[in-house]
Amino acid sequence: MTTPPALLIAGHGTRDDAGAEAFRDFVRQLGARHPELPVAGGFIELSPPPLGEAVTELVEQGVRRFAAVPLMLVSAGHAKGDIPAALAREKERHPGISYTYGRPLGPHPALLNVLERRLDEALGSAGRTPGDRADVTVLLVGRGSTDPDANAEVHKAARLLWEGRGYAGVETAFVSLAAPDVPSGLDRCVRLGARRIVVLPYFLFTGILPDRVRHQTEGWAAAHPEVEVLSADVIGPEPELLDLVWERYEEAVKGDLRMNCDSCVYRIALPGFEDKVGMPQQPHFHPDDDDHHHGHGHHHGAHSHAH
Ligand SMILES: C[C@@]1(CC(=O)O)c2cc3[nH]c(cc4nc(cc5[nH]c(cc(n2)[C@H]1CCC(=O)O)[C@@](C)(CC(=O)O)[C@@H]5CCC(=O)O)C(CC(=O)O)=C4CCC(=O)O)c(CCC(=O)O)c3CC(=O)O
Ligand SMILES: [Co+2]
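- The protein chain is annotated in an unreviewed UniProt entry as Sirohydrochlorin cobaltochelatase of Streptomyces luteogriseus.

**Brief notes about the pattern of salt bridges**
Turning to step 1, where the next piece is worked out: Under the criterion given, the structure shown has 19 salt bridges.
Turning to step 2, where the next piece is worked out: A salt bridge links glutamate 228 to arginine 196; the nearest nitrogen and oxygen atoms lie 3.0 Å apart. One end of the pair, glutamate 228, is in strand 8 (residues 228–231); the other, arginine 196, is in strand 7 (residues 196–201), and 32 residues separate them in sequence.
Turning to step 3, where the next piece is worked out: Under the relative-accessibility criterion, glutamate 228 is labelled partly exposed at 34%.
Turning to step 4, where the next piece is worked out: The exposure class of arginine 196 is buried, given its relative accessible area of 16%.

**Focus: unusual backbone geometry**
Turning to step 1, where the next piece is worked out: Cis geometry marks the peptide bond from glycine 106 to proline 107; its omega dihedral reads -20°.
Turning to step 2, where the next piece is worked out: Note that the residue after alanine 179, namely proline 180, is joined by a cis bond; omega there is -5°.
Turning to step 3, where the next piece is worked out: Here proline 180 is to be found in the loop between strand 6 (169–174) and helix 7 (182–191).
Turning to step 4, where the next piece is worked out: Positive phi is not limited to glycine here, since leucine 177 has a value of about 75°.
Turning to step 5, where the next piece is worked out: Position of leucine 177 relative to the elements: it lies in the loop between strand 6 and helix 7.
Turning to step 6, where the next piece is worked out: Classification of leucine 177 as partly exposed rests on a relative accessible area of 39%.

Procedures and definitions
Residues numbered from 1 in each chain as written. Chains lettered and ligands numbered in written order. Predicted model: local features only at pLDDT ≥ 70, side-chain atom pairs only at ≥ 80, totals over all residues. Heavy atoms only, no water. Salt bridge = Lys/Arg side-chain N within 4 Å of Asp/Glu carboxyl O. Helix = DSSP H or I, 4+ residues; strand = E, 2+ residues; numbered from the N terminus. Buried < 20%, exposed > 50% of the residue type's maximum accessible area, 1.4 Å probe, protein only.

Shown next as structure tokens:
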């Protein structure tokens, strides 16, 4: 009998302790669900443990083969560049290991179902009937990226969330790095005739950025008392998310990878992004990586971000 490859989860990392703990707890839940294989998780930046430490943890348990799944909603810089580069570095550090790499999570129907539940919770008794939903405009707020394809994935999620669910509309906004921002997104909803808006964060766990979404929403709502504005919760460590990670693991193990590279900025010359075609990918420096020297916080020695 051959043992199945271990599962390595790559998370983003956050200065928000509750957000980091939510990830670590999620990894523990995955491990408890799958006692037949070693499961470990690490972050690419900001929070302990770094991804490299999680790989070492697996290697110390005797693991030689693993499948890595990025706990990311979209295919942007982290999933396309930093994580693959970090894994390549770990392979050099631990000769003899091999791995396959899974794809990001969204927009998957399982996630859309959780988002719908978050909307129902935010609306409470005001969202029970199809008639209520016809009154509701949703503003789905993504993280935003300098990668146009990643931003388009958020639009795709918004469109899929709208299809067949009866909301007046599902509009899109981004926390930073992409337009429109949250206040502009809310303005756009109003121009489309919205009277009741639910701001729905397209984020996995609590953190600095989802807090910012809520804060900006409350600020905008205070300035627009004529519009009813509600805030919904993040996706969170739901059973659907555990199932979805497992699906990505199995895809990665079986080699049945359905990565959508059609409009990848690193493969196709998109207008204004021609310089990215063929660009080499480099790992993100994690402050806790032992071969990297920083006195403080979040630093990006490995690449420059054009903001
Ligand atoms: C608060 C902050 C950290 C801080 O400095 O404290 C933070 C926090 C978080 N980001 C998260 C997610 C993503 N971050 C990116 C990308 C970038 N994020 C960056 C900065 C910051 N990110 C700081 C705020 C700076 C600001 O004000 O804008 C950039 C600029 C620099 C860098 O990280 O290299 C880089 C731009 C790359 C570019 O140029 O395009 C992508 C897209 C991608 O993959 O590239 C995803 C989606 C991943 C997915 O797909 O899910 C999550 C998890 C959310 C969740 O749970 O879902 C948290 C946690 C939280 O919110 O706390
Ligand atoms: Co970073």
